[in-house]
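Remarks on the overall topology
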Amino acid sequence: MTDAPLTSGKQRIPRIVSVDDHVVEPPHVWQRWLPERYRARGPRVERGGFEMVQKDGAFVITRPSTPSAGGREVDWWIYEDEGYPIPMVMACAGYSEDEYTFEPIGFEAMRPGCYDPKARLADMDLNHTERSMCFPTFPRFCGQRFYEGKDKDLGLACVKAYNDWMIEEWCGDSGGRLIPLCIIPLWDPQAAAAEVRRNAARGCRAVTFSELPVNLGLPSIHDKSRYWDPFFQACDETGTVVCMHIGSGSKIPTSSPDAPPGVRFALTTHNAQLSMADWLLSGVLARFPRLRIAYSESQIGWMPFLLERVDNVFRKSYAWAELDPAITEPPSTYFPGRVFGCFFEDDFGVRVRDEVGLDNITFEIDYPHQDSTWPNSLAYLEKVTQDLTDEEIHRIVRGNALEMLGLEDVPLP
């Protein structure tokens, strides 16, 4: 492992506020935070072997009934009798790129910053990072794990337990440096709204959501019965940002069944583009005028064309586009200050920052995933912002993120 950051030593870049990192939940989360009556059935970690099996042109990890060849064991999350490992690429901070693999990893092989809040703060210090907001790992990016479970009473208890742990333990002693991000029970919009309000009262102003809920078998945001309105209303009222991470629709686009995995990797932002078209043409942002959304890990360079395109649809095709009557202005007018993009490496996006909208751009570290720039994020920012003004740099590196989350822009120790 390595943790020596690369930097020229320049002080022009303010301390980073990262709006997309990830936490690998420590084994005790649900065994400690669930009500006692649920703990025996709640998520737990067990040691076990593994096998890499090829399926549909890709390798997947399976849990054999007998020890793996060679006897190597890793940690498995067990929930409703199913096992879920943690692929190494999702907890690879400190490893070199030539060591990355999709094989599972145990907690003993992870850098402690993956799962321990104090160690995370130390790793943030190594990377010029002041604050960080983390997406889940075991629950998946928007809590799909509990939505897909059979027992929804248990699932709701698990959602609440995760949020309690996130606010009180993961973020609790960080002095505000770790920013809470909560999950919702996707199967019940009323319960989701209640959870948003419960957590907002404790200072949480961000919640995860699916970029394409229809991929999960849920209604889309166009749903005529307004399925999601209770959730949207709660977010609108409390100033809670709806954060949508790539992969939160559970389907990664590809061009053909026989395309190599690299094609899927290259297209990971495609679902975010579909999602933003949904949001700008659904009328939701018009009906909930304080609601804000954020696209995590989707990069930003694609946004200007989509803004131009939806406005062309509004202008040239309104008569037959069947848009929601709430949309009375060009869709791009709902974008400034309300739709936030996020990047970790997007040189082109930074070059066209004025077309994206400077105030709509945020930055991320993506620790501890394979795409992360940690511990060299400062060096990257120095390179990509060398032609920007100090004010532009401040907005992108921290100011916009804090404004999006309703946080005061003051230095934290």
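Preceding this paragraph is the structure being described.
Read on for an overview of the structure.

Analysis parameters
- Residues numbered from 1 in each chain as written.
- Predicted model: local features only at pLDDT ≥ 70, side-chain atom pairs only at ≥ 80, totals over all residues.
- Heavy atoms only, no water.
- Pairing = 2+ DSSP bridges.
- Helix = DSSP H or I, 4+ residues; strand = E, 2+ residues; numbered from the N terminus.
- Axes fitted to C-alpha atoms, helices over the stretch in contact; angles between N-to-C directions.
- 1 Å grid on protein atoms, 1.4 Å probe; cavity = no way out; pocket = protein on both sides within 12 Å on 5 of 7 lines; lining within 4 Å.
- Points joined across faces, edges and corners; volume = space filled by probe spheres on them.
- Nonpolar A, V, L, I, M, F, W, Y, C, P; charged D, E, K, R; others polar.
- Patch = residues over 30% accessible without salt bridge, like charges linked within 9 Å, V, L, I, M, F, W, Y side chains within 5 Å.
- Areas by Shrake-Rupley, 256 points an atom, 1.4 Å probe, with all protein chains shown as cover.
- Salt bridge = Lys/Arg side-chain N within 4 Å of Asp/Glu carboxyl O.
- Lys, Arg positive; Asp, Glu negative; His and termini not counted.
- Charge placed at Lys NZ, Arg CZ, Asp CG, Glu CD.
- Buried < 20%, exposed > 50% of the residue type's maximum accessible area, 1.4 Å probe, protein only.
- Expected span 1.5 Å × (residues − 1).
- Polar contact = N/O pair within 3.5 Å; in protein donor to acceptor, adjacent residues only side chain to side chain.
- Disulfide = S-S within 2.5 Å.
- Contact = heavy atoms within 4.5 Å.

A word on the sheet that holds strand S2 (residues 44-48)
As summarised here, the arrangement of the three strands in space is S2-S5-S6, forming an open sheet in which the pairing is antiparallel. Of all strands in the sheet, those bounded by a partner on one side alone are S2 and strand S6 (82-85). Neighbour-to-neighbour, the strand axes of the sheet open up by a mean angle of 40°, direction not taken into account. Where strand S5 (residues 74-79) lies against S6, four bridges are found, and the strand directions are antiparallel.

Here's the deal with empty space enclosed by the protein
Per the stated rule, a full pass over the model turns up three cavities of 30 Å³ or more. Computed from the structure, the largest cavity encloses a volume of approximately 60 Å³. Considering the residues around the largest cavity, the lining is formed by Asp21, Arg120, Asp123, Met124, Asn127, Thr129, Ser132, Ile365, Tyr367 and Trp374. For the lining of the largest cavity, the secondary structure elements donating two or more residues are helix H3 (117-126) and strand S7 (129-135). Per element, the largest residue contribution to the lining of the largest cavity is three residues, and it comes from H3. Of the residues belonging to the lining of the largest cavity, the class tally is four nonpolar, three polar and three charged.

Digging into the sheet that holds strand S13 (residues 361-363)
If you walk across this open sheet you meet the five strands as S9-S10-S11-S12-S13, and the pairing is parallel. Both edges of this open sheet fall to strand S9 (206-208) and S13, since each of them pairs with a single strand only. Across this sheet, the average inter-strand angle for adjacent strands is 30°, counted without regard to direction. Taken together, the two bridges between strand S11 (residues 293-296) and strand S12 (residues 339-343) define a ladder with parallel strand orientation. Of the residues in S12, the one forming a bridge with isoleucine 293 is valine 339.

As for a negative patch on the surface
The grouping of Glu97, Asp98, Glu99, Glu345 and Asp371 at the surface amounts to a negative patch. We classify aspartate 371 as partly exposed; its relative accessible area is 33%.

Observations regarding the environment of lysine 150
Counting through the fold element by element, lysine 150 comes out in the loop between helix H4 (144-147) and helix H5 (152-170). Take lysine 150: its relative accessible area is 69%, and that puts it in the exposed class. On a C-alpha basis, the gap between lysine 150 and glutamate 80 in space is 7.8 Å, while along the polypeptide they are 70 residues apart.

Thoughts on H5
Taking 1.5 Å of rise per residue, 19 residues should cover 27 Å, and H5 covers 25 Å from first to last C-alpha, within 8% of that figure. N-cap assignment for H5: the residue whose side-chain oxygen lies 3.1 Å from the backbone N of aspartate 153 is aspartate 151.

As for the state of the cysteines
If you walk through the whole model with that rule in mind, you get zero disulfides. We note that cysteine 114 lacks a disulfide partner, and the nearest cysteine sulfur, in cysteine 92, lies 8.0 Å from it. No disulfide involves cysteine 204; its nearest neighbouring cysteine sulfur is the one of cysteine 182, lying 3.5 Å away. Relative accessible area serves as the criterion here: at 3%, cysteine 204 is assigned to the buried category.

Re the side chain of serine 296
Positionally, serine 296 belongs in strand S11. Note on serine 296: relative accessible area 3%, which makes it buried.

Brief notes about the side chain of aspartate 164
Within the element layout of this structure, aspartate 164 appears in helix H5. At 2.9 Å, the side chain of aspartate 164 and the side chain of arginine 202 are in polar contact. Excluding residues that lie within four positions of it along the chain, aspartate 164 makes contacts with Trp33, Glu169, Arg198 and Arg202.

Things to note about the environment of alanine 192
Its location among the elements puts alanine 192 in helix H6 (residues 189-200). According to the relative accessible area criterion, alanine 192 is buried, its value standing at 0%. For the pair alanine 192 and valine 53, spaced 139 residues apart in the sequence, the C-alpha separation amounts to 37 Å. With residues up to four places along the chain from it excluded, the contact list for alanine 192 reads Ile184, Pro185 and Phe231.

By themselves, these figures tell us nothing about what the structure is for.
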